[in-house]
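Report on the structure
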Amino acid sequence: MTFSEFSPAQPVILGFDPGKDKCGLAVMGLDRQLYYHQVVTAQKAIATIKTLRQQFPVSLLVMGNQTTAKQWKKQLCEELVEQLNIILVDERYSTLEARDRYWQMYPPKGLTKLLPQGMRQPPRPIDDIVALLLIERYLNRLATNDN
């Protein structure tokens, strides 16, 4: 688990990249401060979301709109005691973007630095980074709608 040492006072957005086997979760403030990100098994996703809602003032869940989104949205609405607004965000190309973001967040070391970025494979699943990109896409859409 990756937690920020600061707990936000302002409402935060929970990013959720749903999948069949594993899911990415991220918590980000409206100021784009990242407070948490982790990849969990699909079986642990809802329990983890419940825990995050106890730890953070989550105002909204932003979720990718592809593969398993409809089933996950239905399941979330059924299993979460307190209802949560769920916004679906276009997640096309988010995995490619997440791979680039991974290397920005965790610069390569050793021989990996010598490989062109397009040839590098992150050493772990990056679904949590996809979740944070989904939040950013939502915030960017809000910013462009405000203008």
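The structure presented is a predicted model; accordingly, all values stated were derived computationally and were not measured. (Residues numbered from 1 in each chain as written. Predicted model: local features only at pLDDT ≥ 70, side-chain atom pairs only at ≥ 80, totals over all residues. Heavy atoms only, no water.)

Side note on the overall build of the chain
Scanning the chain from N- to C-terminus turns up four helices and six strands. In the chain, the order of α-helices and β-strands from amino to carboxyl end is β-β-β-β-α-β-α-β-α-α. Taken against the 2.2 N^0.38 rule, which gives 15 Å for 147 residues, the C-alpha radius of gyration of the chain at 15 Å falls within 12% of a compact globule. The buried share of the chain, taken over its 147 residues, is 44%. Long-range contacts, defined as pairs at least 24 residues apart, comprise 67% of the intrachain contacts of the chain with a sequence gap of at least 6. Surface summary for the chain: the accessible area is close to 8600 Å², and the carbon and sulfur share equals 52%. (Helix = DSSP H or I, 4+ residues; strand = E, 2+ residues; numbered from the N terminus. Rg over C-alpha atoms; globule rule 2.2 N^0.38 Å. Buried < 20%, exposed > 50% of the residue type's maximum accessible area, 1.4 Å probe, protein only. Contact = heavy atoms within 4.5 Å. Areas by Shrake-Rupley, 256 points an atom, 1.4 Å probe, with all protein chains shown as cover.)

Details of helix α3 (residues 94-105)
For α3, spanning 12 residues, the distance from its first C-alpha to its last is 16 Å, which sits close to the expected 16 Å at 1.5 Å a residue. Along α3, the positions that sit buried rather than exposed are Ser94, Ala98, Tyr102 and Trp103. (Expected span 1.5 Å × (residues − 1).)

A short note on the environment of Glu136
Residue position: Glu136 is located in helix α4 (residues 127-146). We classify Glu136 as buried; its relative accessible area is 13%. Through-space distance from the C-alpha of Glu136 to that of Gly15 is 9.1 Å; in sequence the pair is 121 residues apart. Excluding residues within four positions of it along the chain, Glu136 makes contact with Met28, Arg32 and Arg101.

As for helix α2 (residues 69-79)
For α2, the set of buried residues is Ala69, Trp72 and Leu76. Down the axis of α2, the sector holding all buried residues measures 65°, keeping them to one side. In α2, the exposed positions angled more than 90 degrees off the buried face are occupied by Lys70, Gln71, Lys74 and Glu78. Taken together, the buried residues of α2 touch β2 (12-17), β3 (22-29), α1 (45-55), β5 (58-64) and β6 (86-89). (Arc of directions from axis to C-beta.)

Examining the environment of Pro123
Here Pro123 lies in the loop between α3 and α4. Given the relative accessible area of 67%, Pro123 is considered exposed. In this structure, the C-alpha to C-alpha distance between Pro123 and Ala143, residues 20 residues apart in sequence, is 33 Å. When sequence neighbours within four positions are dropped, the list of residues in contact with Pro123 reads Tyr102 and Trp103.

Notes on the packing of α1 against α2
Between α1 and α2, the least distance of the axes is 11 Å, while the angle of their chain directions is 55°. Regarding the angle of α1 to α2, the classification is oblique. Our pair here, α1 against α2, has a crossing hand that is right-handed. Of α2, the residues touching α1 (which contributes Ala45, Ile46, Ile49 and Lys50) are Trp72, Gln75, Leu76 and Glu79. (Axes fitted to C-alpha atoms, helices over the stretch in contact; angles between N-to-C directions. Parallel < 35°, antiparallel > 145°, perpendicular 65-115°, else oblique. Left-handed = near helix turned anticlockwise from the far one by under 90°.)

Some points on the confidence of the model for the chain
Averaged over every residue, the pLDDT of the chain is 89; the share at 70 or more is 93%. No element of the chain has a lower mean pLDDT than strand β1 (residues 2-3), at 48, and none a higher one than strand β4 (residues 34-41), at 97. (pLDDT = per-residue confidence, 0-100.)

Considerations on the UniProt feature "domain: YqgF/RNase H-like" (unreviewed entry) in the chain
Summarizing the sequence annotation, UniProt attributes the feature "domain: YqgF/RNase H-like" (unreviewed entry) to residues 11-98 in the numbering used throughout. For residues 11-98, helix accounts for 31% and strand for 38%, while the C-alpha atoms at its two ends are 24 Å apart. (UniProt positions renumbered as here; feature names shortened; annotations may be inferred.)

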